[in-house]
Amino acid sequence: MEARAKNEVVVPGIAASQGIAYGQVFLYIQSDVEIPSYQVDADKRIEEISRFEHALLVTRQQIQKIRDEVEKNLGADEARIFDAHLLVLEDQALISETIREFETTSKNIETCFNKVSQRYIKAFSEIDDEYLRERAGDIRDVAQRMLQNLLGQAGQNLSKLADKRAVVANDISPSDAASIDRSQAIALVTDSGSKTSHAVIVARSMKIPAVVGVRDMTRRVRNGDWILVDGYDGQVIINPTEQTLFRYGKIQLQKKGFEQRMFDASKLPAVTLDGAAVILRANIEKVDEVKLVRENSASGVGLFRTEFLYLSDNRVPSEEEQYAAYKAVAEAFPDEPVVIRTLDLGGDKPMTGNPDLFPEESNPFLGFRAIRFCLEHKEIFKDQLRAILRASAHGKVQLMYPMISGSEELARANAVLEECRAELKKDGVAFDAKMAVGAMIEIPSAAVTADILAKECDFFSIGTNDLIQYLLAIDRVNDRIAHLYEPTHPAVLRTIKQIVDEAHRQKIKVSVCGEMAGDPVYVPLLLGLGVDELSMTPPLLPAVKYLVRAMKMSEAKKLAKDALELTSPKEIYALADKFCRERVKSE
Ligand code: PEP
Ligand code: MG
């Protein structure tokens, strides 16, 4: 290990979410619980069983404490899940089977408990009853905690930071990101990751700076060290000097003034100087983000990423839970569309610790992801579709499918939707029979067949995060090749143009909901290519609206035309960057 810095050290990374923060480090190292396996000597047997009993007791106390806190802060309903966790610990069959396993194999108790609990998880997750299937998730959570206690690993937790902290992690999974303590985290720094990793999307929605791809950051700092995170230039400064803090204080004041100017403009209509109205919507992941959507004056929700309902508790939510969430968002925007995306788990959004649902794959980005998973797990898919349909009775809900690769897949998804419509109709449950249904275009095969797909859906939403990854063969979360992830590659621009042209030929609208839509450098290019709507993380809206109000649509069209004639991504970027800088001056 390198010696730790005593003096100021500037460590470069990738600027992923704007802002400046100065504070103490909370070091978060993510690792799976590794279970050692060994034989226990005959004279240590009683000790091994009492180790098990002690872990049961400690785990029970921990869960009881969390339960009480949740009840106090969030209410009895939210606390109920922990009652189910407590019941798992009281399950005599689970306990006695673990002891029997130990008595027959003499293997250490962690190995025995893991074996028995995995058997239970598998059995429960295969049961054709929603309530019982959910118990699999409870057992998984409790088993994980038990194993941590048995192995003496105090589970780290991002959901409860003791104080304001800059989180420094080797990686932040989507489920960590979903549970992050929004009141205390002031910055995110990760060794790995890129601009479109989910931790970054969460950082942007929290309006805190993020710097990713800082390779060995977790080896350079310890808990409590002081760092300055510069999310504008993408660097982290360890032990900043007084002069550096003073310099950054001035930069921060200047940026704040500029941000305020943009925020004031965000209350005005999104209309270009030559009178073209531009639709700007918001991307959200959690119901409580509707507040941010309003604050930043978005025209409804262009992408509701529903995975986070599944990832925050690492279990499949029931139809009722989903209905409540979708309904709440639909009701928050009675006059604007709320586009709910069906489940996109897998790939960069894995549901960890669920080998029964997501078996390990050597190539998860090309694997069992999103709509592919849903079409195989029809009951899980139908629960979600029914919940979305029911919510459509309460607002202007639209539905879209992620990762559509071609027309047959779209037809299969629509057939399941039709089944749900028929069931609800039969049961007399209200839903919007005319709810618009769209496809995300984020796989090259969908882009190439956009003419066919456009005839079979009501709108397109281009997921540039994935589309770029698959077009350029650049893993979107691999920091080693992050510099090759180029949204201005001619292949990307030509593909977007082709999608837009085919959609418009069929008279359907095209939105872009990937991170490109929230970056002022790319916004004029996208609008110039004919994109109808942009959807982005709410705090990015003011800057985009400011730029829209400072440019002409005719100029954007000329920019896109010129860009399409260039061959180099760097040249196109320079052209787009100049366009933006000439219209938005931060001084
Ligand atoms: C995208 O791929 O651009 C997108 C919006 O979806 P996600 O980032 O959730 O994969
Ligand atoms: Mg995507």
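Residues numbered from 1 in each chain as written. Chains lettered and ligands numbered in written order. Predicted model: local features only at pLDDT ≥ 70, side-chain atom pairs only at ≥ 80, totals over all residues. Heavy atoms only, no water.

### Describing the overall build of the chain
- Broken down by element type, the chain carries 23 helices and 16 strands.
- Considering only C-alpha atoms, the chain reaches an extent of 85 × 70 × 45 Å along its principal axes.
- In the chain, which comprises 587 residues, the share counted as buried stands at 54%.
- Taking contacts inside the chain between residues at least 6 apart in sequence as the whole, the part at least 24 apart equals 69%.
- Carbon and sulfur atoms provide 52% of the accessible area of the chain, an area that totals close to 25,800 Å². (Helix = DSSP H or I, 4+ residues; strand = E, 2+ residues; numbered from the N terminus. Buried < 20%, exposed > 50% of the residue type's maximum accessible area, 1.4 Å probe, protein only. Contact = heavy atoms within 4.5 Å. Areas by Shrake-Rupley, 256 points an atom, 1.4 Å probe, with all protein chains shown as cover.)

### Considering the UniProt feature "binding site: phosphoenolpyruvate" (unreviewed entry) in the chain
- Sites flagged by UniProt as "binding site: phosphoenolpyruvate" (unreviewed entry) map to R305, R341, N465, D466 and R476.
- Within the secondary structure, D466 sits in helix α18 (residues 464-472).
- Discounting chain neighbours no more than four positions away, the residues touching D466 are R369, M403, E442 and R476.
- Polar side-chain contacts of D466 include one of 3.1 Å to the side chain of R369.
- With respect to the helices, strands and loops of the structure, R476 is situated in the loop between α18 and α19 (490-505).
- The residues touching R476, leaving out its near neighbours within four places in the chain, are S194, T196, H198, D348, K349, F365, N465, D466, Q469 and Y485.
- Only 3.0 Å separates the side chain of R476 from the side chain of D466, close enough to count as a polar contact. (UniProt positions renumbered as here; feature names shortened; annotations may be inferred. Polar contact = N/O pair within 3.5 Å; in protein donor to acceptor, adjacent residues only side chain to side chain.)

### Quick word on the pairing of strand β12 (residues 396-401)
- Sheet analysis places strand β11 (residues 337-341) next to β12, joined by 5 bridges and oriented parallel. Bridge assignment links V339 to a residue of β12, and that residue is Q398.
- Note that β12 and strand β13 (residues 437-441) share 3 bridges and pair parallel. In the sheet register, Y401 faces β13, and the bridge partner there is A439.
- As for the winding sense of the linkage, the β-α-β connection from β12 through helix α15 (residues 407-426) to β13 is right-handed. (Pairing = 2+ DSSP bridges. Right-handed = clockwise from strand over helix to strand, strands pointing away.)

### Here we look at the coordination of the magnesium ion (ligand 2)
- Each protein donor to the magnesium ion (ligand 2) is listed here as E442 (OE) and D466 (OD); together their distances run 2.0 to 2.2 Å. Of the two residues, E442 sits in the loop between β13 and α16 (444-448) while D466 sits in helix α18, which places them 24 residues apart along the sequence. For the residue pair E442 and D466, the accessibility class agrees, reading buried in each case. (Donors = N, O, S within 2.8 Å, 3.2 Å for Na, K, Ca; no water.)

### Some thoughts on the packing of helix α22 (residues 553-565) against helix α23 (residues 569-583)
- Running from N to C, α22 and α23 cross one another at 165°; their axes reach a closest spacing of 10 Å. With respect to their mutual orientation, α22 and α23 come out roughly antiparallel. Relative to α23, the crossing made by α22 is right-handed. On α23, the residues that touch E555, A556, L559, D562 and A563 of α22 are I572, L575, A576, F579 and R583.
- Among the residues making up the contact of α22 with α23, the classes are represented as 7 nonpolar, no polar and 3 charged. (Axes fitted to C-alpha atoms, helices over the stretch in contact; angles between N-to-C directions. Parallel < 35°, antiparallel > 145°, perpendicular 65-115°, else oblique. Left-handed = near helix turned anticlockwise from the far one by under 90°. Nonpolar A, V, L, I, M, F, W, Y, C, P; charged D, E, K, R; others polar.)

### Things to note about the site of ligand 1
- Close to ligand 1 lie 16 residues; R305, R341, G463, N465 and R476 are nearest.
- With respect to ligand 1, the side chain of K349 contributes an N or O atom lying 2.9 Å from an oxygen atom.
- Within the backbone of N465, an N or O atom sits 2.8 Å from an oxygen atom of ligand 1.
- Out of a free accessible area of 290 Å², ligand 1 has 100% covered by protein chains.
- For the shell around ligand 1, the elements supplying multiple residues, two or more each, are β10 (301-305) and α18.
- When residues in the shell around ligand 1 are grouped by element, the largest group, 3 residues, is from α18. (Near = heavy atom within 4 Å.)

### Considerations on helix α12 (residues 319-332)
- A rise of 1.5 Å per residue sets the reference length of α12, with its 14 residues, at 20 Å; its end C-alpha atoms lie 20 Å apart and thus fit the reference within 8%.
- Burial in α12 covers these residues: E319, Q322, Y323, A325, Y326, V329, A330 and A332. (Expected span 1.5 Å × (residues − 1).)

### Some details on the sheet that holds strand β7 (residues 226-230)
- Ordered in space as β1-β8-β7-β3-β4-β5-β6-β2, the 8 strands form an open sheet in which the pairing is mixed. Unpaired on one side and paired on the other, β1 (9-12) and β2 (14-17) mark the two borders of the sheet. Strand-to-strand twist of the sheet, defined as the mean angle between neighbouring strand axes without regard to direction, takes the value 30°.
- Pairing of strand β3 (residues 20-28) with β7, which is carried by 5 bridges, proceeds in the antiparallel orientation. Bridging across to β7, A21 finds its partner in V229.
- Most of the contacts of helix α7 (residues 198-206) go to β2, to which it runs at about 55°, and overall it touches β2, β5 (185-190) and β6 (210-212).

### Overview of the packing of aromatic side chains
- What the rule picks out here adds up to 10 aromatic pairs.
- Here Y22 and W226 contribute two aromatic rings whose centre-to-centre distance is 5.3 Å and whose plane-to-plane angle is 35°, an arrangement assigned as tilted. Taken together, the residues span a long stretch of sequence, with Y22 in strand β3 and W226 in strand β7 at a distance of 204 residues.
- Pairing F358 with F373 gives two aromatic rings, centres 4.5 Å apart and planes at 15°, and the pair type is stacked. (Phe/Tyr/Trp six-rings, centres within 6.5 Å; stacked < 30°, edge-to-face > 60°.)

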